[in-house]
Amino acid sequence: MIKMQKYTVAGHTFGVCLPECLSPDEILRPYIPFEEPSDAEPLFTLTLSTVSTLKDVTKGDVIQCFNDEAPYFWLFDSDGGNYSFGFSYTKSCPDCILIVSNDYKENTVYVREDSPIRYLEFALSNALMLLYTFCTTPLDTLMVHASVIAHAGSAFMFLGRSGTGKSTHSRLWLQHIEDTYLLNDDNPIVRIIEGEVYVYGSPWSGKTPCYKNERLPLKAVVRLSQAPHNRIARFAPLQAFASLMPSCSCMRWDSSSISALHKTVEKVIGVVPGYGLECLPDKAAADLCRSTVTE
């Protein structure tokens, strides 16, 4: 018997169905703080299913394999114009296959029967991130590749390309600035509610185990770049839009998703100031950033 476990992230509820031989608390440990005890209707459901081979799960051809590093993301074409997806640790072949319904409401992720537990966790995490992004993008919600620091009752979000020092800058705040803690270190959720912009913790925090079911008002968005000096400047609206957009997850091949994403980003930058910080990995950079964005 398969039982559904519900979780709520940034106010959006989804359901996960596992075979009865698997414990949700074991395989979905990062999601425990987000367990939903009520009868809330889920936006979507995801079922984990095991098969002897993945070859027969999808009949579509591979359209493209994305990403320059793991996790690799595979996009398949399939009958009826619907897509199926794959995720993998290497570029050789998918380690799991996600089959979605027409409306992305009822979905199944397939893994091989002999897969170790970490592959099941990998399949569930990547499938849930994709489904969550697709289903919440029209709801004034953004999943952002960023690190978020909580300070004095507000949140500050740091953006940048991989390797530019987002996590390092967050650690500098933690080390040198009082009344500070980490809200999320990889994929926080930004949501607009009644004109106010909030940032939420999520079960998706990259290599840092930080799974806080909290929300705080978002007070600034800072894009980092490495430099031989420390300098910060506030962005004009167009710069702020261009800074935030690339860090937002979205089904970029889907025109309705892109349109919804643009509208939400426009709303966010209309409320929350954006900054560009050229910086060194030192205390002075954290002090300069804090003093500027908290003015």
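Calculation notes
Residues numbered from 1 in each chain as written. Predicted model: local features only at pLDDT ≥ 70, side-chain atom pairs only at ≥ 80, totals over all residues. Heavy atoms only, no water. Salt bridge = Lys/Arg side-chain N within 4 Å of Asp/Glu carboxyl O. Helix = DSSP H or I, 4+ residues; strand = E, 2+ residues; numbered from the N terminus. Buried < 20%, exposed > 50% of the residue type's maximum accessible area, 1.4 Å probe, protein only. Arc of directions from axis to C-beta. Contact = heavy atoms within 4.5 Å. Pairing = 2+ DSSP bridges. Axes fitted to C-alpha atoms, helices over the stretch in contact; angles between N-to-C directions. Phe/Tyr/Trp six-rings, centres within 6.5 Å; stacked < 30°, edge-to-face > 60°. Lys NZ or Arg CZ within 6 Å of the ring centre and 35° of its normal. Lys, Arg positive; Asp, Glu negative; His and termini not counted. Polar contact = N/O pair within 3.5 Å; in protein donor to acceptor, adjacent residues only side chain to side chain.

### Looking at the pattern of salt bridges
- Here the structure, examined in full by the defined rule, presents four salt bridges.
- In this structure, aspartate 287 engages lysine 283 in a salt bridge whose closest nitrogen and oxygen atoms are separated by 2.6 Å. Of this pair, aspartate 287 and lysine 283 are both found in helix H6 (residues 283-293), four residues apart, which corresponds to roughly one turn of the helix.
- For lysine 283, a relative accessible area of 40% gives the class partly exposed.

### Regarding helix H3 (residues 166-176)
- Of all the positions in H3, only Lys166, His169, Ser170, Leu172 and Trp173 are classed as buried. Projected onto a plane normal to the axis of H3, the buried residues spread over an arc of 155° and lie on a single side.
- Buried residues along H3 sit against strand E10 (147-151), strand E11 (154-159), strand E12 (180-184), strand E15 (215-226), strand E17 (274-279) and H6.

### Thoughts on the sheet that holds strand E2 (residues 12-18)
- Spatial strand order, E1-E2-E3-E8-E7-E6-E5-E4: eight strands in an open sheet with mixed pairing. On the outer flanks of this sheet lie strand E1 (3-9) and strand E4 (62-66), each paired with one strand and no other. Neighbouring strand axes in the sheet, compared pairwise and without regard to direction, differ in orientation by 20° on average.
- The pairing of strand E3 (residues 45-51) with strand E8 (residues 106-112) spans seven bridges and is classified as parallel. Bridging from a neighbouring strand, leucine 48 pairs with valine 109 of E8.

### Describing the pairing of E17
- Burial of E17 is extensive: five of the six residues sit out of reach of the surface.
- Inspection of the sheet shows E15 paired to E17 by six bridges, in the parallel sense. Paired with glutamine 226 across the bridge in E17 is cysteine 279.
- Across four bridges, the pairing between strand E16 (residues 231-234) and E17 is antiparallel. Residue pairing for E17: arginine 234 is matched across the bridge by tyrosine 275.

### A few points about the packing of aromatic side chains
- For the coordinates displayed, the defined rule picks out 16 aromatic pairs.
- Ring geometry for tyrosine 89 against phenylalanine 122: centres 4.1 Å apart, planes inclined by 25°, an arrangement best described as stacked. Placement of tyrosine 89 in the loop between strand E6 (83-88) and strand E7 (96-99) and of phenylalanine 122 in helix H2 (residues 117-136) is noted, with a sequence separation of 33 residues between them.
- Assessed through its relative accessible area of 28%, tyrosine 89 is described here as partly exposed.
- Taking the ring centre of tyrosine 89 as reference, the NZ or CZ of arginine 118 above it sits at 5.0 Å.
- Positioned over the ring face of tyrosine 198 is arginine 215, at 3.9 Å from the centre of the ring.

### Some remarks on unusual backbone geometry
- Here the phi dihedral of alanine 10 falls at roughly 55°; this positive angle occurs in a residue that is not glycine.
- With respect to the helices and strands, the residue alanine 10 is situated in the loop between E1 and E2.
- Although it is not a glycine, alanine 152 sits at a positive phi angle of roughly 55°.
- Take alanine 152: it is sitting in the loop between E10 and E11.

### Observations regarding the side chain of arginine 223
- Along the polypeptide, arginine 223 turns up in strand E15.
- Among buried charged residues, arginine 223 stands out as having no salt bridge; its nearest opposite-charge side chain is glutamate 278, 12 Å away.
- Here serine 243 takes part through its backbone oxygen, which lies 2.7 Å from a polar atom of the side chain of arginine 223.
- Setting aside anything within four residues of it in sequence, one finds arginine 223 in contact with Leu159, Gly160, Arg161, Phe235, Ser243, Ser247, Tyr275, Gly276 and Leu277.

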